[in-house]
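# Understanding the architecture of this molecule
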Amino acid sequence: MAKLLYSATASLDGYIAGPGGDMSWLTEHITGDNPTADRVLANVGAILAGNRTFGGDDPNRGTDSEGAFGGRYHGPVVVLTHRPPDDPPEGVTFADDLHRAVAQAKEAAGDRYVNVLGADIAKQCLRAGLLDEILIFFAPVLLGDGVRILDDPGGARVRLTPIPGETAHWYRVDR
């Protein structure tokens with residue numbers, strides 16, 4: 001059965017996007033070899049994204065590397081939104097309910113990961129008890145402001161357990 005994995009690259013001060021969702025800061029930090037990211041990509045069967053993330057900034061916009069995982073992901077995408085487009089892009093499913101979106105993404109992923117993209121959708125999955133794992137890559141930069149990795153004022157404490165044999169900052173969500 002598919003697992004939900006929230007993976008993101010963050011600044012050292014905890015932001016995955018700059019003010020207004022700006023992702024341009026990330027371009028210089030996603031070059032070079034990253035065996036962990038390559039392994040994650042090889043095991044992603046579907047992407048679950050929020051509408052802001054799906055339609056938002058891309059550090060590789062207008063290049064051959066535009067899209068998830070530097071343009072290397074080619075597979076099913078489920079977008080959670082209250083305003084689905086009249087003419088959805090090919091390969092993209094839109095859902096207006098979190099549980100329905102997760103079920104559709106899990107079905108599409110089979111026994112591989114559903115990679116969750118976007119801090120808000122990750123927070124919703126975490127609050128609903130649906131998120132299985134979290135993997136954060138850190139870039140050597142301080143942004144000072146923007147979209148936090150997981151911003152949940154008033155949220156419950158969540159215990160994470162490092163996954164044995166995996167890279168630093170890859171955790172299982174304890175339930």
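My aim in this report is to walk through the structure given alongside it, one point at a time. (Residues numbered from 1 in each chain as written. Predicted model: local features only at pLDDT ≥ 70, side-chain atom pairs only at ≥ 80, totals over all residues. Heavy atoms only, no water.)

Across its full length, the protein chain carries 5 helices and 10 strands. Here the protein chain holds 175 residues, and the buried ones make up 38% of them. Expressed as a percentage of contacts within the protein chain between residues at least 6 apart in sequence, the contacts between residues at least 24 apart total 75%. Carbon and sulfur atoms form 50% of the exposed surface of the protein chain, whose accessible area is close to 9800 Å². (Helix = DSSP H or I, 4+ residues; strand = E, 2+ residues; numbered from the N terminus. Buried < 20%, exposed > 50% of the residue type's maximum accessible area, 1.4 Å probe, protein only. Contact = heavy atoms within 4.5 Å. Areas by Shrake-Rupley, 256 points an atom, 1.4 Å probe, with all protein chains shown as cover.)

What follows is about the pattern of salt bridges. Side chains that differ in sign of charge can pair as their charged atoms come close. Taken as a whole, this structure holds 7 salt bridges when the rule is applied. Residue K3 pairs with E133 through a salt bridge whose shortest N-O separation is 3.5 Å. Taken as a pair, K3 in strand β1 (residues 3-11) and E133 in strand β7 (residues 133-139) lie far apart in primary sequence, 130 residues in all. Two residues, R159 and D174, come together in a salt bridge whose shortest N-O distance is 3.9 Å. Here the residue R159 occupies a position in the loop between β8 (147-148) and β9 (160-162), and D174 occupies one in the segment after β10 (170-173), the gap between them amounting to 15 residues. With a relative accessible area of 29%, D174 lands in the partly exposed category. (Salt bridge = Lys/Arg side-chain N within 4 Å of Asp/Glu carboxyl O.)

Next up on the list: the pairing of strand β3 (residues 44-50). Taken across its 7 residues, β3 has 7 buried, putting it largely inside the fold. Bridging between β3 and strand β6 (residues 113-117) involves 5 bridges; their strand directions are parallel. Bridged to I47 within β6 is N115. Relative to strand β4 (residues 77-80), β3 is paired through 4 bridges, and the arrangement is parallel. Across the sheet, the residue bridging to A49 is V79, located in β4. (Pairing = 2+ DSSP bridges.)

Further remarks concern the nonpolar core. Counting 45 residues, the largest nonpolar core has L4, Y6, L48, V116, C125 and L131 as its most contacted members. If we skip the residues at most four places from it in the chain, C125 touches L4, L48, L98, V102, L130 and L131. Of all hydrophobic cores here, the second largest spans 5 residues; its members include A17, M23, W25 and L26. (Core = buried A, V, L, I, M, F, W, Y, C linked by side-chain atoms within 4.5 Å.)

With that out of the way, let us pick up the sheet that holds β7. Taken in spatial order, the 8 strands line up as β5-β4-β3-β6-β1-β7-β10-β9 in an open sheet, and their pairing is mixed. Each having just a single partner strand, β5 (92-95) and β9 make up the two edges of the open sheet. The sheet shows a mean angle of 30° between the axes of neighbouring strands, taken without regard to direction. In terms of strand pairing, β1 meets β6 through 4 bridges, oriented parallel. Bridge assignment links Y6 to a residue of β6, and that residue is V116. Sitting on the sheet, helix α1 (residues 35-42) touches β1, β3, β6, β7 and β10, and the angle it makes with β7 is about 145°. (Axes fitted to C-alpha atoms, helices over the stretch in contact; angles between N-to-C directions.)

Okay, the pairing of β7 next. Most of β7 sits out of view: 6 of its 7 residues are buried. Of the strand pairs in this sheet, β1 and β7 are connected by 7 bridges, and their pairing is parallel. Considered in β7, the bridge of L5 is made with E133. As paired elements, β7 and β10 share 3 bridges and run antiparallel to each other. By the bridge assignment, L135 is partnered in β10 with W170.

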